[in-house]
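Residues per chain are reported as follows:
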Amino acid sequence: MEKKEIVVDSELEGMRLDRYLRKNFKDEPLSRIFGAIRAGDVKVNGKKSKENYRLLLNDKILVKNLFQSNLEQTEEAKDKVKKFKIQKNELEKYKKMVIFENEDFFIVNKREKVPMHKGTRHKYGLAEVFKEIYVSENINFANRLDFETSGLVIGCKNLKFLRYISQKIRNNEVHKKYFAIVHNKNKIENNENSNLKNFTIENYLTTMESKVVVSEKTISRESKKSITHFEQLNFNKLKNSQQILNLLGKNNKNIVLFDIELITGRKHQIRAQLANQGLFIVGDKKYGKKDGSDRFFLCCYFLSFDNYKFSIFDKAFF
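Residues numbered from 1 in each chain as written. Predicted model: local features only at pLDDT ≥ 70, side-chain atom pairs only at ≥ 80, totals over all residues. Heavy atoms only, no water.

Per an unreviewed UniProt entry, the protein goes by Pseudouridine synthase and derives from Leptotrichia trevisanii. For the record of the protein, the UniProt heading Sequence similarities (unreviewed entry) holds the text "Belongs to the pseudouridine synthase RluA family." (UniProt positions renumbered as here; feature names shortened; annotations may be inferred.)

This is how it looks when you write it as structure tokens:
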């Protein structure tokens, strides 16, 4: 009886279980795939799951009795990635992103266009790099940022601390703040109630295969209540405001800087909620508009838990 175990990476996150199986088990008829799901030959994290279950990061999929033609190629490709040697100068570049560390954890100021994990488009990400830097397979990141997003993430040096901080995240006891630069400042200034200068968005987000959908009520079992507070901030409060305006280039007009506090933490929460208001983050190719920017202006600049506080207030976007 052949078994395969697959760990969900950032490339698979949000994909329906049946779509993943149909994509990777092309030699099997659909009736066999759906039959395997119902019979428990396909399990997620040790449990039977329905075909419409959407995969989460680090989910473990166990597949029995299905012939997977192109999985063999995938596994072979993964073996090649494992053998890939990260260059010393690359390791040094990542070491400079660390702004704090102790015996249990470290804080990384992730640059934009740096992945959290390896995937089909990336030979390695933060996780793989810091496993090599610390020579430990126990290195894990408790929170994650999108590929394009810059800012602070928590690296865990041991599994005990990973469990501890993960529980705090689930209890909303890890506080995060972001800066976002968005288009359509005129929409805010022309708003009669001025409630787009300091406001809270509370709605539901549902992860689909291509993006997150915003709704005022639940539209499926995957819909999650999402709350975010937004406050307009004067650019002059940032010491590096002129450098940021220079980075914006032709997009430095009709824009506004938001100071954002996440009350809940959902996938693409800030991006999707702002876009739903007609306020598009500069450089957002998924939810925004074609503005020609090669930079994405969303940054997690503040992070706190217990008695720890970390901030890159004047280094955001760099």
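Visitor: Which residues make up the layout of surface pockets, and what are the values?
Guide: Of the volumes computed, that of the second largest pocket is approximately 720 Å³. Around the second largest pocket, the lining comprises 37 residues; the ones closest to its centre are R121, F147, E148, H268 and K286. (1 Å grid on protein atoms, 1.4 Å probe; cavity = no way out; pocket = protein on both sides within 12 Å on 5 of 7 lines; lining within 4 Å. Points joined across faces, edges and corners; volume = space filled by probe spheres on them.)

Visitor: Please set out helix α1 (residues 17–24) residue by residue, giving values where relevant.
Guide: Residues of α1 that are buried include every one of L17, D18, Y20, L21 and N24, and no others. Projected onto a plane normal to the axis of α1, the buried residues spread over an arc of 160° and lie on a single side. (Buried < 20%, exposed > 50% of the residue type's maximum accessible area, 1.4 Å probe, protein only. Helix = DSSP H or I, 4+ residues; strand = E, 2+ residues; numbered from the N terminus. Arc of directions from axis to C-beta.)

Visitor: Got a sec to walk through the state of the cysteines? Specific residues and values, please.
Guide: Taken as a whole, this structure holds zero disulfides when the rule is applied. No disulfide involves C156; its nearest neighbouring cysteine sulfur is the one of C300, lying 15 Å away. Classification of C156 by relative accessible area gives buried; the value is 0%. Considering cysteine sulfurs only, C299 is the nearest to C300, which forms no disulfide, with 6.9 Å between them. (Disulfide = S-S within 2.5 Å.)

Visitor: I'd like a description of the sheet that holds strand β1 (residues 3–7), backed by residues and values.
Guide: Strand order in the open sheet formed by four strands is β1-β4-β2-β3, and the pairing between neighbours is antiparallel. Edge strands, defined here as strands with exactly one partner in the open sheet, are β1 and β3 (47–48). One ladder, built from two bridges, connects strand β2 (residues 42–44) with β3; its direction is antiparallel. Bridge pairing in β3 links V44 to K47. (Pairing = 2+ DSSP bridges.)

Visitor: Pulling in residues and values, what's your account of the nonpolar core?
Guide: Core analysis: the biggest nonpolar cluster contains 67 residues, and F130, I154, I181, F258 and L274 have the highest contact counts within it. Looking at this core, the element that brings in the most residues is strand β14 (residues 298–305), giving seven residues. In this structure, this core is formed jointly by two domains, domain 2 (88–167) and domain 3 (175–311), each of which donates at least three residues. Contact partners of L274, with chain neighbours within four places excluded, come to A180, V182, F230, F258, I260, L279 and I281. Core analysis: the next-biggest nonpolar cluster, separate from the first, contains 17 residues, I6, L12, V42 and V63 among them. (Core = buried A, V, L, I, M, F, W, Y, C linked by side-chain atoms within 4.5 Å. Domains from an automatic or database assignment. Contact = heavy atoms within 4.5 Å.)

Visitor: For the pairing of strand β5 (residues 98–101), give the residues involved together with the corresponding values.
Guide: As judged from the three bridges shared by β5 and strand β6 (residues 105–110), these two strands associate in the antiparallel manner. Bridge pairing in β6 places V98 opposite V108. Linking β5 back to β6 in an antiparallel pair, the connection comprises three residues.

Visitor: How would you summarise empty space enclosed by the protein if you had to cite specific residues and measurements?
Guide: With the rule as written, the count across this model stands at one cavity of 30 Å³ or more. Estimates place the volume of the largest cavity at around 40 Å³. Taken together, E112, S150, R295, F296, F297 and F317 form the lining of the largest cavity. Each residue belonging to the lining of the largest cavity can be placed in one class, and the counts come to three nonpolar, one polar and two charged. (Nonpolar A, V, L, I, M, F, W, Y, C, P; charged D, E, K, R; others polar.)

Visitor: Could you give an account of the environment of E92, naming the residues involved and the relevant values?
Guide: Assignment of secondary structure puts E92 in helix α4 (residues 88–95). Note on E92: relative accessible area 34%, which makes it partly exposed. For the pair E92 and I133, spaced 41 residues apart in the sequence, the C-alpha separation amounts to 9.0 Å.

Visitor: Mind laying out the pattern of salt bridges, listing which residues take part and the relevant values?
Guide: Evaluated as defined, the whole model comprises 12 salt bridges. Here R271 ties to E148 by a salt bridge, and the two come within 3.7 Å at their closest N and O atoms. Taken as a pair, R271 in helix α9 (residues 269–276) and E148 in the loop between β7 (140–141) and β8 (150–156) lie far apart in primary sequence, 123 residues in all. The class of E148 is partly exposed, set by a relative accessible area of 28%. Two residues, K168 and D306, come together in a salt bridge whose shortest N-O distance is 3.0 Å. One end of the pair, K168, is in helix α6 (residues 159–170); the other, D306, is in the loop between β14 and β15 (308–311), with 138 residues separating them in the sequence. Under the relative-accessibility criterion, K168 is labelled buried at 13%. (Salt bridge = Lys/Arg side-chain N within 4 Å of Asp/Glu carboxyl O.)

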